[in-house]
There are 2 protein chains.
Amino acid sequence: MSKSAMQDELREALTSDTPSAKTKRDLIESALLHFGREGYAGTSTRTIAQTAKTNIASIAYHFSGKAGLKQACINFIAMSVGDVLAVVLNRKITEIEHMSPEEARAKLLEMVDRMITFTQTNKRAELLMSFILREVLHSPDETDTLYKAVFGPLLDRATTLLSRATGQPATSDELKLATFTLIGQLLYMRLARPFVLKRMEWKAVGPEELEQIKSVIHRSINALLDDLSKGKSNA
Amino acid sequence: MSKSAMQDELREALTSDTPSAKTKRDLIESALLHFGREGYAGTSTRTIAQTAKTNIASIAYHFSGKAGLKQACINFIAMSVGDVLAVVLNRKITEIEHMSPEEARAKLLEMVDRMITFTQTNKRAELLMSFILREVLHSPDETDTLYKAVFGPLLDRATTLLSRATGQPATSDELKLATFTLIGQLLYMRLARPFVLKRMEWKAVGPEELEQIKSVIHRSINALLDDLSKGKSNA
DNA sequence: TCTATTTAATCAATCGTTTGATTGAATTGT
DNA sequence: ACAATTCAATCAAACGATTGATTAAATAGA
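Per chain, residues are indexed from 1 in the order of the written sequence. For naming, the first written chain is A and the first written ligand is 1, with later ones following in the order written. Thresholds applied to this predicted model are a pLDDT of at least 70 for local features of residues and 80 or more for the giving and counting of side-chain atom pairs; totals over whole chains, interfaces and linings are not thresholded and use all residues. The side-chain values count all of the structure's non-hydrogen atoms but skip hydrogen atoms and water molecules.

Here the focus is the relation of the copies chain B and chain A. For the pair chain B and chain A, the relating rotation is 180 degrees, the translation along its axis is 0.0 Å, and the fit reaches an RMSD of 0.1 Å. One copy is carried onto the other by what is essentially a two-fold rotation axis. In this assembly, 100% of the residues forming the interface of chain B have copies in chain A that are likewise at the interface, indicating an isologous arrangement. To superpose the copies, least squares is applied to the C-alpha atoms of every residue with a pLDDT of at least 70 in both. Note on contacts: a residue pair is in contact if any heavy atoms of the two residues lie within 4.5 Å.

Further remarks concern the packing of helix α8 (residues 123-138) of chain B against helix α10 (residues 173-191) of chain B. All names here are of chain B. Axis lines are fitted through C-alpha atoms, for helices just across the contact stretch, and the angle between N-to-C directions can take any value from 0 to 180 degrees. Helix and strand definitions here come from DSSP, where helices need a minimum of 4 consecutive H or I residues and strands a minimum of 2 consecutive E residues; each element is numbered from the N-terminal end. The interhelical angle for the contact between α8 and α10, taken along N-to-C directions, is 105 degrees, at an axis separation of 11 Å. Put simply, α8 runs roughly perpendicular to α10. The segment α8 lies against α10, with E126, M129 and L133 engaging L187, R190 and L191. Under this grouping Gly is polar, as are all residues other than the nonpolar Ala, Val, Leu, Ile, Met, Phe, Trp, Tyr, Cys and Pro and the charged Asp, Glu, Lys and Arg. Taken together, the residues of the contact of α8 with α10 sort by class into four nonpolar, no polar and two charged. Orientation categories follow fixed angle ranges, with anything under 35 degrees roughly parallel, anything over 145 roughly antiparallel, 65 to 115 roughly perpendicular, and all other angles oblique.

Right, let's get into helix α10 (residues 173-191) of chain A. All names here are of chain A. Multiplying one less than the number of residues by 1.5 Å gives the expected span of a helix. Across its 19 residues, α10 extends 26 Å between first and last C-alpha, which sits within 8% of the 27 Å expected from 1.5 Å per residue. Consider a residue and the seven residues that end there alongside the seven that start there; fitting an axis to each set, the bend is the angle between those axes. Along α10, the largest kink reaches about 30 degrees and is centred on G184. Relative accessibility under 20% of the residue-type maximum defines a buried residue, over 50% an exposed one, and the middle range a partly exposed one, all with a 1.4 Å probe and only protein chains included. For α10, a buried count of 17 out of 19 residues is recorded, marking the element as mostly surrounded by other parts of the structure.

With that settled, consider the domain arrangement of chain A. Residues and elements named next belong to chain A. Annotation comment: domain bounds sourced from an automatic or database domain assignment. On domain assignment, one finds that chain A holds domain 1 (1-75) and domain 2 (89-235). Counting residues at the interface gives 15 residues for domain 1, matched by 10 residues for domain 2. Contact between domain 1 and domain 2 buries roughly 1100 Å² in total, counting both sides, with carbon and sulfur atoms accounting for 63%. Salt bridge, as used here: a side-chain nitrogen of Lys or Arg that lies within 4 Å of a carboxyl oxygen of Asp or Glu. Scanning the region where domain 1 abuts domain 2 turns up two salt bridges. By the criterion applied in these results, polar contacts are pairs of N or O atoms within 3.5 Å in which, for protein atoms, one can donate a hydrogen and the other can accept it, and in which residues neighboring in sequence qualify only through two side-chain atoms. For the interface between domain 1 and domain 2, the tally reads five residue pairs in polar contact (both at pLDDT 80 or more). Going through the elements one at a time, α1 (3-15), α2 (19-38) and α5 (66-88) are the ones with two or more residues in the side of domain 1 that touches domain 2. A per-element tally of the side of domain 1 that touches domain 2 places α2 first, with seven residues. By buried area we mean how much accessible surface two parts lose on assembly, using a 1.4 Å probe and totalling the loss over both.

Put into structure tokens, the structure is as follows:
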């Protein structure tokens, strides 16, 4: 079964209004919450079932065990984040390739903006990021689903925009690596939030703080884009 | 008891050659390994004791339980990483404040270089980063020890260098936030290694790949420094 | 009715911790 | 100086609690 077919099946299984679909949804929702907060090993099936207001045996019945429920969570994340990315990256790569440098830069910054807003303000984003990060930390060799459904397309679009905005070939190693520094900045700003709050003497990240973060990352990315564009003529 | 006093005590307790010191060292070493790999909840005291080649009861005896051993690991990290930083950041802040912009930029890049090499190549660094990240993810409100002993001093030095290199005041929010984007780039490049390897079609990060990473991050940071320096005259 | 789903109860296994016994090296008393 | 005692340290064994999984009976939906 192909990746997208699996996600379509999952989507249908979760969006229908059969009683079984609701139980599945509740279980995934609950598992996502607890896995993200306490980690996989730190979460008991009883806790998951209790939050989902269902019986422990439901986990085995619907997902054939705790491990299956985790995999369902991964698929769910791949699906839902894929939806978010579909909005952000609604343009196909071929469209991007015909953009002017200015247009591409604006699009890239808009995409970065959305990602910052999502990571910094969305409550569910916190759980998703925790879940993904724990998965990468614990099973770095089993991140294929997440890469193919989330990070692969994201990196593809970002690198292509970066290429259009700077005039550098999208195939160059430097540009592909630069994409990581670009995304790394904004993701780290969320991961290290406890340290950011301490350092900036903030109590929380509200609208004002969000704008400050956006401003700094914009400036950093614009500087990098300018420099990479210069490199075009230098090369 | 002050933080440094606690760490001095810990250092003495671990470096002496009494039988108890060796057992403590072995237990912390083992716990660091397993906590970093499988997480706190995912690691059993039996596994820890087995790797440390001692009895399970030793954990309760020396650290009054699993939780105490985790705290000892945190203190150990704060101590050892503090030592690493002491070498990297051997200059006092007052010395930095008398550097020329060129000198400060060179020092900043040298510091970034060391951090990249450490995070990308040091085997222990992988465990430390995993441990720290899991801690930040799971107990964001209990990261005081790590902040005060590791990230606080690091951010202080980096921001001061950034200030000298750009002419911007070290107290400005923009500069303090820029420090996070700076450090975030290189840390993320290590955290997201599974994705970096997939994207770059690398099998591992060897000397050549390390140089490519350094080159890109150097370029990104230099671009940011140039831009922030321009901002001095613009403001 | 007949299948799909939920439920309470129970399973063996593993969890962190505690126990009491044992060791050998200090410390004490004479 | 030497036996008596105390002490820190380690050990195997067992504790009650909790884990993920499973069962068979009860319930719900078509």
